[in-house]
Structures are given as C-alpha cells and as structure tokens.
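# Structural features, examined
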Amino acid sequence: MSVPSALPTFRNGKPVLVIGGGIAGLTTALEAAEVGCQVILAEKSPALGGRVARMHQYFPKLCPPTCGLEINLRRLRENPRITVLTLAEAEEIRGVPGNYEVTLRLSPRFVSETCTLCGDCAQACAAEKPDEFNYGLSKTKAAYLPSGNAYPARYVIDRAACPEGCKACQEACAYGSIDLSQKVERKTIQVAAVVAATGWAPYDATKIDYLGFGKYPNVVTNVILERLAALDGPTAGRILRPSDGKEPQTVAFVQCAGSRDDNHLPYCSAVCCAASIKQATYIRKLYTQAQITIFYIDVRTLGRLEDFYASVAADPKIAFVKGKVGAVEQDPGNHDLLVTAEDILSGKKKTQRFDLVVLATGIVPQTDGLPAGFALDEFKFLSVPEGRAGLYSAGCVHRPEEVSAAVQDATGAALKALQCVSRSSQHG
Amino acid sequence: MDRKLGVYICSGCGIGESVDTAKLANVATREFKAPVCRVHPFLCSSEGVEAIRQDIAAGAVNTLVIAACSPRMKTEAFSFDHTAVSERVNLREQVAWCHKPQDEDTEMLAEDCLRVGIVKAQKTELPEPLLETISRKLLVVGGGLTGITAALEGAEAGYEVVLVEKEPRLGGFVATLRKRFPTAAPYNELMTDGMARRIEAVSYHPRIQVLTSAKVARIEGQPGLFDVTLRTESGESRVRVGAIVLATGWKPYDATRLGHLGYGLSPDVITNVDLEKMAAQGSIKRPSDGRPVESVLFIQCAGSRDKEHLPYCSTVCCMATLKHATYIREQNSSAQVYIIYKDMRTPGQYERFYATVQAHPLNFLTQGEVTNVEKTAAGKLAVTVKSTLLAETITLEVDLVVLATGMVPNSADGEAIRALEDAERAAAKGESETQRAEAAKKVEELRKHKGTEILNLTYRQGPDLPVLRHGFPDSHFVCFPYETRRTGIYTAGAVRAPMDSRQAAEDALGAALKAIQCIELASQGRAVHPRAGDLSVPSFLLQRCTQCKRCTEECPFGALDEDAKGTPKPNPYRCRRCGICMGACPERIVSFRNYSVDMIASMIKAIEVPEEDEEKFRVLAFVCENDAYPALDIAGMKRRQYDASVRIIPLRCLGSLNIVWIADALSRGIDGVMLIGCKYGDDYQCHFIRGSELAQRRLENVKETLQRLQLESERLQFVQLSINESDTLPTQIDNFVNRVRELGPNPYKGL
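Reading the values: the criteria
- Throughout this document, residue positions are counted from 1 along each chain, in the order its sequence is written.
- As a convention, the first chain written is A and the first ligand written is 1, with the rest following in written order.
- Residues qualify for local features only when their pLDDT is at least 70, as the model is predicted, and side-chain atom pairs are given and counted only at 80 or more; totals for whole chains, interfaces and linings, by contrast, use all residues.
- Working definition: helices are DSSP H or I runs of at least four residues, strands are E runs of at least two. Numbering for both runs from the N terminus.
- Once C-beta atoms are placed from the backbone, each residue is buried if 20 or more other C-beta atoms lie within 10 Å of its own, exposed if 12 or fewer, and partly exposed for counts between those two.
- The contact criterion used is a C-beta to C-beta distance within 7 Å, with each C-beta placed from the backbone.
- All axes here are fitted lines through C-alpha atoms, helices being fitted over the stretch that makes contact, and every angle between N-to-C directions spans 0 to 180 degrees.
- Oblique is the label for any angle not covered by the other classes, which are roughly parallel (under 35 degrees), roughly antiparallel (over 145) and roughly perpendicular (65 to 115).
- Each crossing gets its handedness from the near helix: less than a right angle anticlockwise from the far helix is left-handed, clockwise is right-handed.
- Any residue that is not Ala, Val, Leu, Ile, Met, Phe, Trp, Tyr, Cys, Pro, Asp, Glu, Lys or Arg is counted as polar, Gly included; the first ten are nonpolar and the last four charged.
- Here the limits of each domain have been adopted from an automatic or database domain assignment.
- Joining buried Ala, Val, Leu, Ile, Met, Phe, Trp, Tyr and Cys residues through C-beta atoms within 7 Å gives a set, and that set is a nonpolar core.
- DSSP-based pairing: two strands are paired if at least 2 bridges between them are found.
- Crossovers are marked right-handed if the path from the first strand over the helix to the second runs clockwise, as seen with the strands pointing away from the viewer.
- For this quantity, the arc is that covered by the directions from the helix axis to the C-beta atoms.
- To estimate the expected span of a helix, subtract one from its residue number and multiply by 1.5 Å.
- By definition, pLDDT measures how confident the predictor is in each residue, and it falls between 0 and 100.

This part covers the overall build of chain A. What chain A contains, in helices and strands, is 9 helices and 22 strands. When its C-alpha atoms are laid out on the principal axes, chain A stretches across 70 × 55 × 45 Å. When the 428 residues of chain A are sorted by exposure, 58% land in the buried category. Within chain A, contacts between residues at least 6 apart in sequence are counted, and of these 69% link residues at least 24 apart.

Our next topic: the packing of helix α6 (residues 222-229) of chain A against helix α7 (residues 272-286) of chain A. All names here are of chain A. It is the contact of α6 with α7, at a shortest axis distance of 11 Å, that shows an interaxial angle of 30 degrees. By the angle class used here, α6 and α7 are roughly parallel. Judged by the twist between their axes, the crossing of α6 over α7 is left-handed. Mapping the contact onto sequence places Asn 222, Leu 225 and Ala 229 in α6 and Cys 272, Ala 275, Ser 276, Gln 279 and Tyr 282 in α7. By residue class, the composition of the contact of α6 with α7 is 5 nonpolar, 3 polar and no charged.

Moving on: the domain arrangement of chain B. We note that the domain assignment places domain 1 (1-126), domain 2 (138-249 + 452-523), domain 3 (253-406), domain 4 (539-587) and domain 5 (595-751) within chain B. The C-alpha centroid of domain 4 of chain B is placed 35 Å from the C-alpha centroid of domain 1 of chain B.

Contacts between the two partners involve 76 residues from chain B, matched on the other side by 74 residues from chain A. Elements represented by at least two residues in the side of chain B that touches chain A include exactly α6 (145-156), α10 (351-358), α13 (501-523) and α17 (628-637) of chain B. Per-element tally for the side of chain B that touches chain A: the top contributor is α13 of chain B, with 12 residues. Here the residues of the side of chain B that touches chain A sort into 35 nonpolar, 24 polar and 17 charged.

For soluble globular proteins, the rule of thumb is that nonpolar side chains tend to be buried together. If you look at the biggest cluster of nonpolar residues, it comprises 396 residues, and the most contacted ones within it are Val 16 of chain A together with Ala 67 and Val 245 of chain B. With 13 residues, the top contributor of residues to this core is α13 of chain B. With sequence-adjacent residues up to four places away left out, Val 16 of chain A is seen in contact with Ala 32, Cys 37, Val 39, Val 191, Ala 192, Ala 193, Val 195, Ala 417 and Val 421 of chain A.

Let us look at the sheet that holds strand β11 (residues 243-246) of chain B. By way of backbone hydrogen bonds, the strands of a sheet pair with one another, either parallel or antiparallel. Residue and element names in this part refer to chain B. Strand order across the open sheet formed by 5 strands is β7-β6-β5-β11-β21, with parallel pairing between neighbours. Only two strands of the sheet have a single neighbouring strand rather than two, namely β7 (208-211) and β21 (489-491). The sheet shows a mean angle of 20 degrees between the axes of neighbouring strands, direction not considered. Sheet analysis places strand β6 (residues 161-164) next to β7, joined by 4 bridges and oriented parallel. Counted as the bridge partner of Leu 163 is Val 210 from β7.

Residues and elements named next belong to chain B. With 6 of its 6 residues buried, strand β28 (residues 672-677) lies for the most part within the structure. Neither face of β28 is left uncovered, since the one carrying Gly 672, Met 674 and Ile 676 and the one carrying Val 673, Leu 675 and Gly 677 both have all their residues buried. As paired strands, strand β26 (residues 619-624) and β28 are joined by 5 bridges and run parallel to one another. Residue pairing across strands places Val 623 opposite Ile 676, the latter belonging to β28. As paired strands, β28 and strand β29 (residues 716-720) are joined by 5 bridges and run parallel to one another. Of the residues in β29, the one forming a bridge with Leu 675 is Phe 718. With helix α19 (residues 691-709) bridging β28 and its parallel neighbour β29, the resulting β-α-β unit is right-handed.

Time to look at the environment of Ser 393 of chain A. Residues and elements named next belong to chain A. Mapped onto the fold, Ser 393 is located in strand β22 (residues 391-393). Of the residues examined, Ser 393 has 30 C-beta atoms within 10 Å and is grouped as buried. Separated by 293 residues in sequence, Ser 393 and Tyr 100 place their C-alpha atoms 16 Å apart. Setting aside chain neighbours within four positions, we find Ser 393 in contact with Val 195, Ala 196, Phe 374, Leu 382, Val 384 and His 398.

Right, let's talk about helix α7 (residues 195-204) of chain B for a bit. Residue and element names in this part refer to chain B. For α7, the set of buried residues is Met 195, Arg 198 and Val 202. Take α7 and look down its axis: the buried residues cluster within an arc of 60 degrees, on one side only. Seen from the buried face of α7, the exposed residues on the opposite side, beyond 90 degrees, are Ala 196, Arg 197, Glu 200 and Tyr 204. Where α7 is buried, its residues contact α6, β6 and β7.

All names here are of chain A. Segmenting chain A into domains produces domain 1 (8-107 + 184-199 + 366-426) and domain 2 (204-362). When each unit is reduced to the centre of its C-alpha atoms, the spacing between domain 1 and domain 2 is 33 Å. Contacts between the two partners involve 11 residues from domain 1 and, on the opposite side, 19 residues from domain 2. Of the residues assigned to the side of domain 1 that touches domain 2, the class counts are 6 nonpolar, 2 polar and 3 charged.

Further remarks concern α7 of chain A. Residues separated by three or four positions in an α-helix point in the same direction, a consequence of the helix having 3.6 residues per turn. Residue and element names in this part refer to chain A. Taking 1.5 Å as the rise per residue, α7 with 15 residues should run 21 Å; its terminal C-alpha atoms sit 21 Å apart, in good agreement. With respect to burial, α7 is a largely interior element, 12 of its 15 residues being buried. If you check which residues of α7 are buried, you get Cys 272, Cys 273, Ala 274, Ala 275, Ser 276, Ile 277, Lys 278, Gln 279, Ala 280, Thr 281, Tyr 282 and Ile 283.

Take the sheet that holds strand β27 (residues 646-651) of chain B next. All names here are of chain B. Read across the open sheet, the 4 strands follow the order β27-β26-β28-β29; overall the sheet is parallel. Of all strands in the sheet, those bounded by a partner on one side alone are β27 and β29. Looking at each pair of strands side by side, their axes are set apart by 20 degrees on average, direction ignored. Bridging between β26 and β27 involves 6 bridges; their strand directions are parallel. The residue of β27 that forms the bridge with Cys 624 is Leu 651. Sitting on the sheet, α17 is in contact with β26, β27 and β28, with an inclination near 115 degrees to β26.

Moving on to the packing of α7 of chain A against helix α8 (residues 305-313) of chain A. All names here are of chain A. At a closest axis distance of 10 Å, the pairing of α7 and α8 adopts a crossing angle of 40 degrees. Put simply, α7 runs oblique to α8. Like other packed secondary-structure pairs, α7 and α8 cross with a definite hand, here left-handed. Of the residues in α8, those touching α7 at Ala 274, Ile 277, Ala 280 and Thr 281 are Leu 305, Phe 308, Tyr 309 and Val 312. Residue classes in the contact of α7 with α8 are distributed as 7 nonpolar, 1 polar and no charged.

On to the confidence of the model for chain A, then. With 97% of its residues at a pLDDT of 70 or more, chain A has an overall mean of 94. Low confidence marks residues 1-6 of chain A, where pLDDT is under 50. Its contacts with residues over four positions away, or in another chain, come to 14 contacts.

Another point: unusual backbone geometry. Cis geometry marks the peptide bond from Ala 185 of chain B to Pro 186 of chain B, where omega comes out at 5 degrees. Cis geometry is found at the peptide bond from His 529 of chain B to Pro 530 of chain B, where omega equals 0 degrees. Summarising the element assignment, Pro 530 of chain B is placed in the loop between α13 and β22 (539-540). Notably, Tyr 135 of chain A is not glycine yet its phi reads approximately 50 degrees, a positive angle. For Tyr 135 of chain A, the position within the fold is in the loop between β6 (128-130) and β7 (139-141). The phi angle at Lys 74 of chain B is positive, at roughly 55 degrees, despite the residue not being glycine. With respect to the helices, strands and loops of the structure, Lys 74 of chain B is situated in the loop between β3 (63-68) and β4 (85-90).

Here you go:
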C-alpha cells in the first residue's frame, strides 16, 4: 500500500511551536499537523484541555465540551506529527521568522510514559492537595490524574504537596513508572513559527470587595458554578449552596463583575452574558421552581446568540434587570445574601434576598511567563501588529472571545504558521 | 491476504486478577487457531511491544489483536507497521474495571470480547487509498475583504488561487468605507482600511488569477477534482480546483420595510450604509436640502433583534454607529448626537471606543425604544423615544435620522432550492390531483429561492450549501466552526455569520487553511474531519442495487449523486466515512474494506449465546464510538459496575447501523438490543449530523421484524447520551437488562 505524502515543503520544514494546550492551542496544533506540518505543543499544566475541559456545557447548544475534546484528542493521538510536551513553558525565543530557537523549561512529572493509569500510586498516597481542576472545591491526592479525560493519560506527582521523604507512590507502582528524582530540564528546539495560545484566567473576584466573594460562602463565581454544574465535578452536577448544601431557590447573577470597570478590567469580557444565560438554564433544569435574576448593564449576545438569549428570556422565572449591583451583604443568620442594585427601568435602588449569588467574573489574559517578543495592548492582551511574521497569537490571550471564535482564529493562526514553514523550507 | 493471527493479551492493570488470561489464550489458540498468542503482564512496556514487533518482523503475524486497555489509551505504544491489521480489545475499562472480578459472567464477557475482536480483525482488509491526481488550486468566490484575504493568504502559503467577483471591481463593502472602526490597539481611533493595498497585492500576485464581473456557472466533481465553469463577459471558461472558499458577504437589510422607524417619510431618514456613502464622498449633509447637520439621531437595531425582521443581532451596528458619531463630530464639533439602543454591544477591547465616544458631552446615548418619527413644520424630524435612562418618554428634534440596519447573508439555501425543484416537478407531473396541489403549495412557499444559486453545484442534494437558521451557511458545531456539510467547501466572512472586518479577515485565514488541508488530505486519499486521516472509502456493489435512493437521500454530506434511475454515483472525495450509506442500504451492498455489514454480522455471530437452561441473558449494545464508547470508558475508570451480560459493539456513527444486525442478533437468541447514540434534534450532537436520528428512525422498521418474530418491542431500546453522562450509563444498562430479564429469555435461543 503506498500513500502519497503531503507537500514536502510542510513535511520537511521546521516545526511550529504552539504554546498553550487549551482549545485554541490544541486547534492550531491539530489544524497545522493535519495539513502536514510538524508541531510541538507545549502546555504549562500536566494535561491538555485548558479552561473548556472544566466547563459543564457550551452555549448556545448546551452540549458538553468533552464531546469536541474527545474528537480533538483522537485526532491528536492518531497524528504522529504532533509532539505534546506538558509541564512545559517557553523561556526564551531567539532568531527570526522561519528560524527561531526556543528554550523550553520542562518541569518534572515524576511519572513516565509507561504509566498505565492503574491508579495504585494514588491509592498508596496519603497526602492531599486542593484539586485545581475543581478550582479548589475538592481535594486530590498528591499523586493524581488531573481529570478523568486527562491527556496525556498519565498520573502526575505534585511534590510540593508530598510529605518530606515519602516514596509511597514509587513503591506502589508495579510498572516502575515513578521516578521521584526527576529534575527540571531545559530543551532547545528549532522552529519556523510560534503561536501563543496561553489563554485566560478568571479575574480575581476577591478584588471586587463590595461583591462579597471570599467573605460570604454563598457568593460564587461563574467558573466555580461550571464545576458545580459539571457531572464530573465535586457535587456530581448538583448545584448546592456552599454554606449548607441547600438547593438554591433564588439565584442572582451579577454581570460585569470586574469587567467594564476602570477600577478593575476596563474592557468587556465578551462571554459573560451568554455564560450567565447558559448557567441560568443549568439551575432552571435542576430546580423547576427556582427564580433567577440577572443584573446587567447591557446584554451582549451578539450574532445568532441572540436566539439563545431570546429563548432563555422567555422563561418567566428568569428576570433580566438593567442595573449595576452596588453591594452584596450577608444575612449572618442564614447566610442568605442581600443584593442591592439600581433598577434603571424604575430608577430606584432595591435590595433583594437571594440564596446564591453568581459573579460573572471576566477574562484576564494569561501572558505571564511568555517569553519576550510578543507585543501587548494596554489591557495586557497580546497584540500582534498586522503584517508581522513569525510570532502569532490565538484565542483569549489576544482578546476575550467565545469558544467558536477562539477555534476560528486558532485555525487562522495555523495558516500564518504554515506560511512561515513553507517560506523557510523554500529558502533553506 | 494470508492471515497470520497474533493475539496479545495483557494481564496488567487488574486484568489478570479479574479474569483468567490463560482461559482467554485458549479461546485464541483453540477456537481461532491463532499461531501466535502471548500473555504479558505489562504489554505496553517496551519489552511487551518489542515482542509484538519481532513477531511482525519475523513474518509470524500480520493480523494483530491486542487485548489490553481501551483503544483510546496507549495508541502510540500499540501503533505498528501499517502493513499489519491491528485491532484492540478493551479488557480493562470495559471488562476488568467495571465488572465483578473472578466471576463466571465477567469471564464469559472477556471471552466474548476477544472473540468479537478476533473476528473483526479477520474481517478487516487494509484500505486501498484513493489515488487520483489532485488539483492544489483554490477557488475563492467573492472578492470583498474576506475573499481577498483568503486568496492572498492561501497564495502566500504556496497555493494557486482563482478569485471570482461578480462586480466589476474588487473590494466589496469595506472598500467603500471612509474609515474603519478601531479593531486593533489602541482601540480609540478610526482606522484607514488598507483595502487599496490588499486589492493591489491580490491583483498582481503571481499565484492569483482574478476574475471580475464573473459568476460560477457550474461546479461538478468533488474535493481535489472540482471542475468549475466560470462565466465572464468574454464567455465561459473551465478550471479544475481542489477546494472552495465561499466568501460572498452580506447585504444591508431592506430599509423599505422599516416604515415604522420613519424610513420613506423624509429623505432625511437614511440608513447607516447611506451615511457611510455620504461620508466617503465628502461631507455629511441633509439629503433633503444639502444643509449641514447640527443634530443626528441613530436608531440601533433597525430591523435587527426583531422577530418581525431579523431575529439575530447584526454584531457590527453598534461599533459602526459609534464610528459614524465620530464622523459627525469630526465635521462639526458642536453637533448633537443621539444614539438610541437596546443594548450597546461593544465586546472585548471595543469597550474602549465606546467609552471614548460616550465621554463626549454632546453625545447622548440611551437604552430606549423609538415609538414615533415624524416631520416637523420647521423641516426637522421629531423622534419620540421611551428612554430607560431618563425613565420617561421624550421627543427629540433632529436634522437627520440614521437607521442602523443589519446584515443579511448573501447566501443560497441549497436544500431549499433542491426542494423547490422537486416540488415544481411534482406540481407538473404529480400522480394525483391532491399531490399536484400540495406540491404547488410548496412551490409557493419556496419560490423566493428561485434564481438565488451561487455555486451551482451539480449535487443531488442541491446546488448550494445547506444553511442554518436565518440563512447562514455556518457550522452547527461550537468546537468546529469550519465543519461543512459539503466537503471541500468552506464559508468565511459575513455570509457565515454577522461579523466585522477584523473577524472576517481572520475567518478568511481559517477557511483558507481548511481548504488547503482538505486538498492535502485528499491528495493522500484521506478523509477530513471528524475522521481526519481515514483511508477507507465505501464501495457499492451496484449489480444488486434496487435504486431505493435511501443512501443518496441520507448521506449528510451530499457525497452520493444518482443517475436518472436512482442508482448512486459515489464521489469518494466528498465522503466522510461515517457509514450512514452502509446503514441505510436494505440490500447491504455498501461496505468498506475495514467496516462492513458482514463484519459486524460476523462479530455478532461470534458472541456465545448460552442455552436457555443456563439462565444467562445476553444483551447487545451498539454504541457510537465517538461519544458513548468514551463514556463507557470513563464509567470504567471510575470503577462503576454494571451488568456483565452486555456485549458492546462500537460503530463509526450510530447512523451506520444496519437493521439486519438487530434481526441477526434477535434470531440468534440475544435477549435485547440497545442503541446508544448522540442527542439529536435542533441542537444535535452527532458529529455526522443526523446519524443517531437516522438510527432511531430505522428502529421503526425493526418493529415489523419483531412482530414477525413475535418478540416484544421492549427488547429494543434507544438511548440518547451525551459524552459527559457516563455516570448514568451503568444504571441505564442495568435497568434495560432487568427489563429484558422480566420479559424472559428470547425464545429463539438454540434454534
């Protein structure tokens, strides 16, 4: 059986480095590799999937992100042109478009690729640590699998969480896959282009003092609500009040919690309106009597997301109130929350009582740790000047955007990278 | 091929403690006479894998069965020379980890899994890839910003491009703009468009051929082999291309339908497009008398977000109006500007521009509703606004009213056009009066699609792409915005979804990449997403075809055309390898070399059905390999236990389910059959569009078979499952098995 090969310019060219293994980076890597490029995908954490892997459903389809991730991971497993490096960060980029030298810092995983996922290490491990996948809502062992769908499907040891001198996991592993003496390594690679897809982090809601996050247990953020709704989350998909485990019957969503605010994030985070509308459907599906109020400045459901907004807004138990929330207080007796907001339609300030308050916190670009060479805008989003070759960006690190838009521009970034590969291989 | 079977059984990860691997090896060596069978305690280790490699190298085996963990794991370790057939048997996630260890039923399950895997491997032929000479040229339809960008970026990657524009000049709408609103840092000043430079670049690019005043007269063929007939003023020409980018853009919503907002009342009620034109030509004046403008009122969402007009948000109008307010301000610093909106939609960094415009004391923006527009005696326009900011109704007198009208895609609804043609035919030649009358009604409904063709594909499924709601030929998938139901044809820009110039230019890049990728995969005979890389293609044993047209109708990707009699004409490069045609065919004439009706039927036959007196039930589950199968794996990883009477057979898509398998299973004495597939309906999750829905519909036909066999319909169950619902699976399986137990054994056992 003979299979004609891809254009040799791509196949024999230098690889493309993609930094970040969330949905944007994963997409750039796959799309470039399926054209025929060699790709190195470097992810800072122990597993791919980024933020989307932690979400319950996508708007507007209300479908699980793992469905698309599963397809993408299959594409990845079956494509020999992609090298995945986890616990990897790019430290320095030298050179010119078509010919970069990049230093990668590889932190030790302490578990080799021979890991079979048998789980004996976690069984033997006595140390616990907050589960980052669940935003600290639950705990894992120090020897842990980042999530059920984790890729690479390998355990990892968090040495910072291990008791001094403990080797229980290494002793328990029947396959000799654990080596606790691993050290940080550095690796230099030659690449034609670099795509930064380092994604976003939720804005630190404790900084918005008047909204009570971190002070009152029943004030949660939208990313935490995703984990509470997720069937593989700490509550197995039951959204419960953190203070007493009660099913919330009245829920307030506070839009622009930090966004569109010169004291916090001056920009709009673009996705929070549709995200809260989606999360309102989670609650309504679980608790048929629940009453929901969404406090907003503007409802920003662009394009065809308007259909989604209209369909959810038709639910008589979901109220949209135009007005900025000024304060969230707690009734110390029962941990209920008192939300004060201006209702612009009536022109009056009103205080209402809720079981649960969800802060629609915004998107902060994750550019910390990116090597020099990438330009930033005033908000610290990556801002690649038009026409500049070699270093590109994709996804929420260059603007707040929804998943399909991130995948869209990540696909485009693959083409820009491909052009560099093509040119560099033509010119030697 | 001379089969040399090698069976490799892993006893690691608890498999050895759960089942007797020596007994399993006996199944391989005694029942299947496998010349090579090895049990290894750690098969994925380098020594374990090396032993397999050596057997292949020595020529001892060419058909491998790896009985270990799920095929979703250790893919790299267990990937061998592609000259050998290789099949994985999931003894870990779907046997050892989810069933009682050292139990007779678990043992029987493991043995059946191995039998089914061996039979599957034996029935697998290596695919013979397609080997046509593929064109690497791209066709871009539409010469606006999106089309120009797609052409330029594709050409810069080394591909030849034909760019077709129906107007005499390139540039589309963006070329007519005075300035663009800020889409890049610092996000607070208007941008010059750069279109002139792009038009020049595309016009002189050595790899781009530009045809203006040109149309696509016809497109025949398939990816890599599209034969395109182009019509220009100088006649028709033909070109072969590999893939197509559709970038036909948008048109403004018809303002004559906006009489309630004052359009048509006075020449001084204009649209945002009119204003842009005026601004680009010089200064903004009152159209009625040419006098300078002292006050302007913008009505946002004029026709958009309105059930009577465009239910969607047109995305760009808020930013466009803020730009227009800036034009007015540049021209007359003391002009009064009012903007009446439903919601100001300036996402992301665009908020900076909103804040900049909002900061000007003579710009007044309010959420509100315009309830009336009328002319005043003084020749001005009086606009009545219910303002939420002021909590009252106000009347504003202004010189000019601008309607921020929205975007309508320049698309054609391929399926509607096809339906119209069918209805026209039926209206003329229908068999009965009622049939003709009904068809005539349908013709009336669909008449608006007449003459809207853009691509003029010679596809059975219609001459253009199918569209989503509101006429956008977009992808249905959040994760895969370039998924297309017409392989090799990708849409970009405002025809795909309402979007601004920055998004459109980026979208052009993405679509061009997908077009290039399709060409490269086609050149290797490989499938595109979601089975990217698959080399198999269906073959049709046409001598036995009864022209029932099920396959041609059900193919979600329009891969099958048909001749006048209804015989399918496959276009393998359009094919996505889902097997829906195979499932549809009542004559079982469609098969892949590595996936066929016979293969699955043989796998079903390989399952041992205990005699009735053994009181052991058997339930068969056909599961979607993309979602339900991984969900079962996850259940196993969580050590969730379920009934060990179930035998799992994964399918490429549940739509490839051929109902003969259900009849086969039941007539062999299998007690019940489950189908586990993706959710369907408006928000379907099937990667092949309608696979699970088609499978569900085929079940209707099985009911007749059940009646014939005098079996209860409860022996069949269809389950719609999302991949994240693995926790519910064990219960659903147990409940079904229990219901089947209550019905009692299938009376066909042992017959």
